[in-house]
Amino acid sequence: MGEPILQLRDLRVYYYTLLGAVRAVDGVTMDVGRGEWVSIVGESGSGKSTLALAIMRLVPPPGRIVGGSILFDGTDLTRLSEAEMRRIRGRRIGMVFQDPMASLDPVRRIGDQIADVYLEHGVASSKGEAIRMAGEALEMAGLPRDWVDRYPHQLSGGQRQRALIAAAVALKPELLIADEPTTALDVIVQAKIMDLIEGLKRELGMTVILITHDIALAAERSTRIAVMYAGKLVEYGPVDAIVEDPLHPYTRGLIESAPDLWGEKRLRGIPGYPPDLRRPPSGCRFHPRCPLALERCRSEEPPLVRVGDRLVACFRALERR
Amino acid sequence: MPGGVILEAVGLRKYFVKGGGILGGPRRVIKAVDGVTFTLRRGETLALVGESGSGKTTTGKLVLRLLEPDSGRIIFDGEDITHLPESKLRPLRPRMQMIYQDPYWSLNPRKPVGEAVAEPLIVHGLASREEARREALKLLERVGLTPPEDFYWRIPAQLSGGQRQRVVIARAMILKPELVVADEPVSMIDVSMRAEILRLLKDFQRDYGLAMIFITHDLSVARLVADRIAIMYLGRIVEMGPADAILEDPRHPYTAALITAAPSVRLRRRRRYEIRGEIADPSRIPGGCRFHPRCPRALERCRSEEPELAESEPGRLVACHNPLPKGWLSKWLSSGGAS
Ligand SMILES: Nc1ncnc2c1ncn2[C@@H]1O[C@H](COP(=O)(O)OP(=O)(O)OP(=O)(O)O)[C@@H](O)[C@H]1O
Ligand SMILES: Nc1ncnc2c1ncn2[C@@H]1O[C@H](COP(=O)(O)OP(=O)(O)OP(=O)(O)O)[C@@H](O)[C@H]1O
Ligand code: SF4
Ligand SMILES: [Mg+2]
Ligand SMILES: [Mg+2]
């Protein structure tokens, strides 16, 4: 890992709903090194998208960053004005959002939508120049240049995802955040989209943060994997260590639950359900589902501690130190 | 263990026509299911696997007569039900059930889930309201929604996704069906909670000896539940056989592409068998072998002649003019290359 491009410190993001505050991201601390591919994995509602949106400073109301800092290349993004943030979004940090239909305007041509990125940032001086650059971006994403004239509905799911990636990397950002970019896609198309991201990463020297619920997908492509559970980072470390010798019982459960064509032929899961983040369990948030929980886990929150080249938040994992 | 044949599907076809009416738009014929043949035995699970739009759901609806086939035959427990009128189908309906993918849409948001589970017994005149309620409580308990009295009066919004899927399963199983089509029953459910749902289905299967068509786009899930797998591509079965045999030794190039593209924790650095492009539009199915424009093994013949689904070895069927040789996959994976 090179020097960190991103440092999250005790980041907290809550949604203030009528029924109470949803503690979607609740004290996350982690570094991402320049040139790394970090995957953030976790199940539905664990706070992955909220974390990504916080980095972009795009958390929608009633959500709000309530504490902590986000250092991007040394600058605390939580302290920037909206105008300053606009110069970072797209230009230095690109993002592919989770819902592809929501992020493409159905009545505007693909080319116009990518051209916006160039015009907003004053990279192109005319509409014509912006459209020409959009064509180049499409080509970089593996689509024909002249598809700038197409509308989103004329593209397949995989092609739409390529167009969105083209828009996200149009300004050659240093960091690309891709939130579930292949969830709605079939495995063959998914693999090709992952190849595309990998290729662009190499070509542009980008850092990549991939958000996925699929730990196998993460394991195949990343340098490190961060595992989230109920708004908390529970384990973070190099891929091989995480998948071959998980320290956190949730990480272990997740890996064993993932059906694998080359794994054991056995149905495995984790008993119980993830918690309501308005009233998360006391102590370790995983304790009601944890096969290794001790009395202490019910009352005391395990801190995120360094174990070798990993971070882990589990009392039982620390016994192995 | 599989018993006698409960279902035969023979040459099923279902085309949808879009556009061309007063609303305009070019007229398109979508060949959703285009000649599907298989049999299913009691107690057996057949997984229908394929990419989005390959015709899995349409096939499932056809065999349950939830959709009218354009041609082909459906034989249920020895009786040809292809053209049975609804009045004659009604007594058969409780014996065949469908479980839908999305537990959000398959339940009435205002109806207490216990009532939803009891309802099929009442609708089919198989029990009084009182008996149906008692039976529903038993089923809720059975699917792990305990205490059942507490869950009975909840509405779907008060349950998690995994709990809702249990309700949907209880509702299908209360009729003790003989044939169930489970359409992606776990794809909306978090991976840590899938095993319990799948185990539940397997337990019901064992207890009722029911035959199951398990629809999924995920081969690794199919491997855990299916006795046999049928791989679908653009409305046709291109390969079918025992689950392990197909996954360990695929014959069809498309099956090989699906297998090697499946993300895996255990075999992270494997070489994929790459195919070109994406699945075609089912209103513009290529001539000859419908897979030929994407196929790395296509021969001249594949452009003009459609391969029949034919026996390649006992118990296995493949529709391909140039199938992969025996033992291809293990060689591909161990040598990291060379087709
Ligand atoms: N706009 C909102 N208002 C209120 N609560 C929200 C909002 N958006 C998200 N949440 C809640 O915040 C928590 C984290 O949600 P988030 O979308 O970040 O999870 P995720 O890990 O991305 O899940 P998924 O895998 O389903 O995309 C969840 O409990 C969710 O219900
Ligand atoms: N009622 C309908 N009218 C028109 N087209 C339809 C209809 N139902 C299905 N289709 C089309 O038929 C094809 C097969 O659809 P089907 O739903 O059977 O596929 P599937 O394999 O279940 O896909 P998925 O994995 O996305 O659920 C698709 O192109 C679909 O758009
Ligand atoms: S029939 Fe030809 S084109 Fe079709 S899968 Fe076989 S080799 Fe490929
Ligand atoms: Mg999300
Ligand atoms: Mg379907």
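The structure presented is a predicted model; accordingly, all values stated were derived computationally and were not measured.

Conventions used here
- Residues numbered from 1 in each chain as written.
- Chains lettered and ligands numbered in written order.
- Predicted model: local features only at pLDDT ≥ 70, side-chain atom pairs only at ≥ 80, totals over all residues.
- Heavy atoms only, no water.
- Helix = DSSP H or I, 4+ residues; strand = E, 2+ residues; numbered from the N terminus.
- Rg over C-alpha atoms; globule rule 2.2 N^0.38 Å.
- Buried < 20%, exposed > 50% of the residue type's maximum accessible area, 1.4 Å probe, protein only.
- Contact = heavy atoms within 4.5 Å.
- Areas by Shrake-Rupley, 256 points an atom, 1.4 Å probe, with all protein chains shown as cover.
- Lys, Arg positive; Asp, Glu negative; His and termini not counted.
- Charge placed at Lys NZ, Arg CZ, Asp CG, Glu CD.
- Axes fitted to C-alpha atoms, helices over the stretch in contact; angles between N-to-C directions.
- Parallel < 35°, antiparallel > 145°, perpendicular 65-115°, else oblique.
- Left-handed = near helix turned anticlockwise from the far one by under 90°.
- Nonpolar A, V, L, I, M, F, W, Y, C, P; charged D, E, K, R; others polar.
- Near = heavy atom within 4 Å.
- Donors = N, O, S within 2.8 Å, 3.2 Å for Na, K, Ca; no water.
- Pairing = 2+ DSSP bridges.
- Polar contact = N/O pair within 3.5 Å; in protein donor to acceptor, adjacent residues only side chain to side chain.
- Buried area = accessible area lost by both parts, 1.4 Å probe.
- Salt bridge = Lys/Arg side-chain N within 4 Å of Asp/Glu carboxyl O.
- Core = buried A, V, L, I, M, F, W, Y, C linked by side-chain atoms within 4.5 Å.

Asker: Which residues make up the overall build of chain A, and what values go with them?
Answerer: A tally of regular secondary structure across chain A gives 12 helices and 12 strands. Here the C-alpha radius of gyration of chain A, 20 Å, is about what a compact globule of 321 residues would show, namely 20 Å. In terms of overall dimensions, chain A has a C-alpha envelope of 65 × 45 × 40 Å along the principal axes. Across the 321 residues in chain A, those meeting the buried criterion constitute 57%. Counted over contacts in chain A with a minimum sequence separation of 6, partners at least 24 positions apart contribute 63%. Total accessible area on chain A stands at roughly 13,200 Å², and carbon and sulfur atoms take up 50% of it. For chain A, the distance from the average position of its 43 positive side-chain charges to the average position of its 42 negative side-chain charges is 3 Å.

Asker: So, the packing of helix H3 (residues 113-123) of chain B against helix H6 (residues 161-173) of chain B: which residues are in play, and what are the values?
Answerer: Residues and elements named next belong to chain B. Taken N-terminus to C-terminus, the directions of H3 and H6 make an angle of 25 degrees; their axes are 7 Å apart at the nearest point. Relative to H6, the element H3 lies roughly parallel. In this structure, the crossing between H3 and H6 has a hand that is right-handed. On H6, the residues touching Val-113, Ala-116, Val-117, Glu-119 and Pro-120 of H3 are Val-167, Ala-170 and Arg-171. For the contact of H3 with H6, a count of residues per class yields 6 nonpolar, no polar and 2 charged.

Asker: I'd like a rundown of the site of ligand 3, residues and numbers included.
Answerer: Near ligand 3, the surroundings consist of 13 residues, among which B:Cys289, B:Cys295, B:Cys302, B:Cys320 and B:His321 are the closest. A per-class count over the shell around ligand 3 returns 8 nonpolar, 4 polar and 1 charged.

Asker: Describe the coordination of the magnesium ion (ligand 4), and please don't skip the residues or the numbers.
Answerer: Residues and elements named next belong to chain A. In this structure, Ser-49 (OG) and Gln-98 (OE1) serve as the protein donors to the magnesium ion (ligand 4), at separations of 2.0 to 2.2 Å. Of this pair, Ser-49 sits in helix H1 (residues 48-55) while Gln-98 sits in the loop between strand E6 (93-96) and helix H3 (100-103), and the two are 49 residues apart along the sequence. For Gln-98, a relative accessible area of 41% gives the class partly exposed.

Asker: If you had to explain the sheet that holds strand E7 (residues 179-183) of chain B to someone new, which residues and values would you point to?
Answerer: Residue and element names in this part refer to chain B. Read from one edge to the other, the open sheet built from 8 strands follows the order E6-E7-E8-E3-E9-E10-E12-E11, with strand pairing classed as mixed. Both edges of this open sheet fall to strand E6 (96-99) and strand E11 (310-313), since each of them pairs with a single strand only. Mean inter-strand twist for the sheet, computed between neighbouring axes without regard to direction, equals 25 degrees. For E7 and strand E8 (residues 211-216), the ladder comprises 5 bridges, and the chain directions are parallel. Paired with Val-181 across the two strands is Ile-213, which belongs to E8. In the packing of helix H1 (residues 56-63) onto the sheet, contacts are made with strand E3 (45-50), E6, E7, E8 and strand E9 (228-233), and the angle to E8 comes to roughly 155 degrees. Running over the sheet, H6 touches E6 and E7 and is turned about 170 degrees from E6.

Asker: Could you give an account of the site of ligand 1, naming the residues involved and the relevant values?
Answerer: All names here are of chain A. Neighbouring residues of ligand 1: 16 residues in total, closest Ser-44, Gly-45, Lys-48, Ser-49 and Thr-50. Taking Gly-45, its main chain carries an N or O atom lying 2.8 Å from an oxygen atom of ligand 1. One of the side-chain nitrogen or oxygen atoms of Ser-49 is found 2.8 Å away from an oxygen atom of ligand 1. Starting from 640 Å² of accessible surface for ligand 1 in isolation, the protein chains cover 69%. Where the shell around ligand 1 is concerned, the elements lending two or more residues are strand E1 (4-17), strand E2 (20-33) and H1. Sorting elements by how many residues they give to the shell around ligand 1 places H1 first, with 3 residues.

Asker: I'd like a rundown of the interface of chain B and chain A, residues and numbers included.
Answerer: Each partner contributes to the interface: chain B provides 45 residues, whereas chain A provides 45 residues. For chain B, the biggest contributors to the area lost against chain A are B:Arg223, B:Pro263 and B:Arg268; these three give 18% of the whole. One can count 6 salt bridges joining chain B with chain A. The residue B:Arg268 makes a salt bridge to A:Glu244 at a minimum N-O spacing of 2.8 Å. At the junction of chain B with chain A, the criterion picks out 23 residue pairs in polar contact (both at pLDDT 80 or more). Elements with a contribution of two residues or more to the side of chain B that touches chain A: H6, helix H7 (191-208), helix H8 (219-225), helix H9 (243-248) and helix H10 (253-261) of chain B. Ranked by the residues each element gives to the side of chain B that touches chain A, the list is headed by H7(B), at 7 residues. By residue class, the composition of the side of chain B that touches chain A is 20 nonpolar, 9 polar and 16 charged.

Asker: I'd like a description of the nonpolar core, backed by residues and values.
Answerer: General note: in soluble globular proteins, nonpolar side chains tend to be found buried as a group. Counting 64 residues, the largest nonpolar core has A:Leu6, A:Leu8, A:Met30, A:Ile93, A:Ile177 and A:Ile225 as its most contacted members. When near neighbours in sequence (up to four residues on either side) are disregarded, A:Ile177 contacts A:Ala52, A:Ile55, A:Ile93, A:Gly94, A:Met95, A:Val96, A:Ile209 and A:Ile211.

Asker: How would you sum up the sheet that holds E2(A)? Please name residues and give values.
Answerer: To summarise the sheet geometry, strands pair through backbone hydrogen bonds and adopt either a parallel or an antiparallel arrangement. Residues and elements named next belong to chain A. Strands sit in the order E2-E1-E4-E5 across an open sheet of 4 strands; the sheet is antiparallel. Two strands bound the open sheet, and with one partner strand each, they are E2 and strand E5 (75-76). Where strand E4 (residues 63-72) lies against E5, 2 bridges are found, and the strand directions are antiparallel. Across the sheet, residue Phe-72 finds its bridge partner in E5, namely Thr-75. Along the sheet face, H1 touches E1, E2 and E4 and points at about 115 degrees away from the line of E1.

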